[in-house]
Amino acid sequence: MATQVTSRLDERTREIVKATVPVLAEHGEAITTHFYKRMLTERPELKNYFNMTHQKDGKQPRALANAVYAAASHIDDLSAIAPAAETIAEKHVSLNIRPEHYPIIGEYLLKAIKEVLGDAVDEEVIDAWELAYGEIADLFISIEDGKYKASAWTGYRLFTIHKKVKESEEITSFYLKPEDGGPLPSYRPGQYIGIKADIPDYPHTQRRQYSLSDAPGKDYLRISVKREGGTDEIPAGLVSTWLHDQVQEGDVVPISAPAGDFFLDESTSRPVVLLSGGVGLTPLMSMYKKTRDERDVYFIHAARNGGVHGLKEEMDGEQTYVVYETPSEEDKTLAAYDKAGYVDLDWLRNVVPKEADFYFCGPEGFMRAMNGALHEWGIPDDQVNYEFFGPKGTL
């Protein structure tokens, strides 16, 4: 059980914060959208830390709003948000977020609250939220300090692209070795590393996390990156396009140490069921390759068709299953899949055991379907584990 984090705020301040959480939450996305717009206009250097695509599609403002208001609603005991705080802190350490960034965030968040809500909030409310934000920030700074101290290295270390391998129509793998020839860090299957990308003709540094897609203990680190296509509203993935089109073998990239709290639990001997959709197979491939010779492992992967199915040759066990939504004629000729359509509970019951630890990762629709199916099946929450790519969401 987590140790209670006792609030240092007086009772009146806590009452104001808790009473106004519903009001601010109702306008949360408007507030955080305004917050990001003003802050990144007045402090453009912070664009070196934020994924601008997530600004355009609204994911980052929603994620921030959810995190702030969840914390504020538990201001009496912030240990209630400890699991979410741990996940966010892992991302922050990977991005090299530092204590000096928090006052900037607080300043612009409070300005956004005042400017969006206007006369609906008075100075007493703003003062209470300023104190509450300071307490929430202190919690994150403390958690992140511990993670920095435990990290294999702080900031970024230079790695050479040892090998670049096209895995499918959309996915390419990059094999990374330390430029200094030093030892590689250990990591837990399912974790990610961060890449710091300085892209030609683009004014701001970009930082992205990519799951490690091979087992620990190799003489390299491997990431397998999907080229992210764009839409009329959302541009194509800036960093993934750069990696696919411009980064070549022999190039050097700055890498942050392995991080992340989605990883294989190696303390139990229960069977493992891995459920992946699209490029969500990358962290699960690391788990699969680490544990397939040690435990009973089932690996189910869903993709549109064989053309976009990366790392397919590495799914070489007897208990691996492939589900293609719309298999191609070649897929049909080669009998390259086990099921057409989608992964559903009726089929799942027949191919994997119920008494198992379940891990899943993939597009949001896939994630929601898997989460719903497992809960309908009655799988206990402590045996269900999942990872979101991008700002942390809720299933």
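What you are looking at is a predicted structure, and each value in this text was computed from that prediction instead of being measured.

**Points about the pairing of strand 5 (residues 221-226)**
At step 1: Burial analysis of strand 5 places five of its six residues in the buried class, which makes it a mostly covered element.
At step 2: The sheet contact formed by strand 2 (residues 171-178) and strand 5 spans six bridges and is antiparallel. If you follow Ile171 over to strand 5, its bridge partner there is Lys226.

**Thoughts on helix 9 (residues 281-291)**
At step 1: For helix 9, a buried count of ten out of eleven residues is recorded, marking the element as mostly surrounded by other parts of the structure.
At step 2: For helix 9, the full list of buried residues reads Leu281, Thr282, Pro283, Leu284, Met285, Ser286, Met287, Tyr288, Lys289 and Thr291.

**Overview of the UniProt feature "active site" (unreviewed entry) in the chain**
At step 1: Under the UniProt annotation, the feature "active site" (unreviewed entry) is placed at Tyr102 and Glu144. Sequence-wise these annotated residues cover 43 residues; spatially they are packed, their C-alpha atoms never more than 12.0 Å apart.
At step 2: Structurally, the position occupied by Tyr102 is in helix 6 (residues 101-117).
At step 3: Ignoring sequence-local partners within four residues, the contact set of Tyr102 consists of His92, Ile97, Tyr133, Ala137, Phe140, Ile141 and Glu144.
At step 4: Side-chain polar atoms of Tyr102 contact the side chain of His92, separated by 3.0 Å.
At step 5: Here Glu144 shows up in helix 7 (residues 123-150).
At step 6: With residues up to four places along the chain from it excluded, the contact list for Glu144 reads Ala89, His92, Val93, Ile97 and Tyr102.
At step 7: Of the polar contacts made by the side chain of Glu144, one reaches the side chain of His92; its length is 2.8 Å.

**Comments concerning empty space enclosed by the protein**
At step 1: What the rule picks out here adds up to one cavity of 30 Å³ or more.
At step 2: Approximately 60 Å³ is the volume found for the largest cavity.
At step 3: Considering the residues around the largest cavity, the lining is formed by Val68, Gly106, Leu109, Leu110, Ile113, Trp129, Tyr133 and Ile136.
At step 4: Contributing elements (two or more residues each) for the lining of the largest cavity: helix 6 and helix 7.
At step 5: Tallying contributions element by element places helix 6 first for the lining of the largest cavity, with four residues.
At step 6: Across the lining of the largest cavity, the residue classes tally to seven nonpolar, one polar and no charged.

**Here we look at the UniProt feature "binding site: heme b" (unreviewed entry) in the chain**
At step 1: Feature annotation in UniProt places "binding site: heme b" (unreviewed entry) on His92, given in this structure's numbering.
At step 2: Of note, His92 is situated in helix 5 (residues 82-95).
At step 3: Once residues lying within four places of it in the same chain are set aside, the contact partners of His92 are Ile97, Tyr102, Glu144 and Tyr148.

**Here we look at the environment of Thr33**
At step 1: By the secondary structure assignment, Thr33 is in helix 2 (residues 28-42).
At step 2: It is 40 Å that separates the C-alpha atoms of Thr33 and Leu348, two residues lying 315 residues apart in sequence.

**Remarks on the layout of surface pockets**
One simple way to see leftover space: roll a probe sized like a water molecule over the atoms.
At step 1: There is about 310 Å³ of room inside the second largest pocket.
At step 2: Looking at the second largest pocket, it is lined by 19 residues, and the ones nearest its centre are Ala150, Ser151, Ala152, Pro258 and Ala259.
At step 3: Taken together, the elements giving at least two residues each to the lining of the second largest pocket come down to helix 5 and helix 7.
At step 4: Its residues placed into classes, the lining of the second largest pocket shows nine nonpolar, seven polar and three charged.

**Some thoughts on the packing of helix 1 (residues 11-26) against helix 7**
At step 1: With their axes 9 Å apart at the nearest point, helix 1 and helix 7 run at an angle of 100° to one another. By the angle between their directions, the pair helix 1 and helix 7 is classed as roughly perpendicular. Between helix 1 and helix 7, the residues in contact are Arg12, Thr13, Ile16, Val17, Thr20, Val21 and Leu24 and Glu124, Val125, Ala128, Trp129, Leu131 and Ala132, respectively.
At step 2: Looking at side-chain class alone, the contact of helix 1 with helix 7 contains nine nonpolar, two polar and two charged residues.

**Concerning the sheet that holds strand 8 (residues 297-303)**
At step 1: Strand order in this open sheet of six strands is 10-9-8-7-11-12, and the pairing throughout is parallel. Looking at the sheet topology across the chains shown, the edges are occupied by strand 10 (339-340) and strand 12 (384-387).
At step 2: Pairing geometry for strand 11 (residues 357-361) and strand 12, over four bridges, is parallel. Note on strand 12: the bridge partner recorded for Tyr359 is Asn385.
At step 3: Along the sheet, helix 12 (residues 364-377) makes contact with strand 7 (272-277), strand 8, strand 11 and strand 12, crossing strand 11 at roughly 160°.

**A closer look at the nonpolar core**
At step 1: Judged by nonpolar contacts, the single largest core of 46 residues is most densely connected at Ile31, Phe35, Met39, Tyr69, Ile113 and Trp129.
At step 2: At the level of secondary structure, the elements contributing two or more residues to this core comprise helix 1, helix 2, helix 4 (59-73), helix 5, helix 6 and helix 7.
At step 3: The leading source of residues in this core is helix 7, at eleven residues.
At step 4: Apart from residues no more than four positions distant in its own chain, Trp129 is found in contact with Val17, Thr20, Val21, Leu24, Val68, Tyr69, Ala72 and Leu110.

Conventions used here
Residues numbered from 1 in each chain as written. Predicted model: local features only at pLDDT ≥ 70, side-chain atom pairs only at ≥ 80, totals over all residues. Heavy atoms only, no water. Buried < 20%, exposed > 50% of the residue type's maximum accessible area, 1.4 Å probe, protein only. Helix = DSSP H or I, 4+ residues; strand = E, 2+ residues; numbered from the N terminus. Pairing = 2+ DSSP bridges. UniProt positions renumbered as here; feature names shortened; annotations may be inferred. Contact = heavy atoms within 4.5 Å. Polar contact = N/O pair within 3.5 Å; in protein donor to acceptor, adjacent residues only side chain to side chain. 1 Å grid on protein atoms, 1.4 Å probe; cavity = no way out; pocket = protein on both sides within 12 Å on 5 of 7 lines; lining within 4 Å. Points joined across faces, edges and corners; volume = space filled by probe spheres on them. Nonpolar A, V, L, I, M, F, W, Y, C, P; charged D, E, K, R; others polar. Axes fitted to C-alpha atoms, helices over the stretch in contact; angles between N-to-C directions. Parallel < 35°, antiparallel > 145°, perpendicular 65-115°, else oblique. Core = buried A, V, L, I, M, F, W, Y, C linked by side-chain atoms within 4.5 Å.

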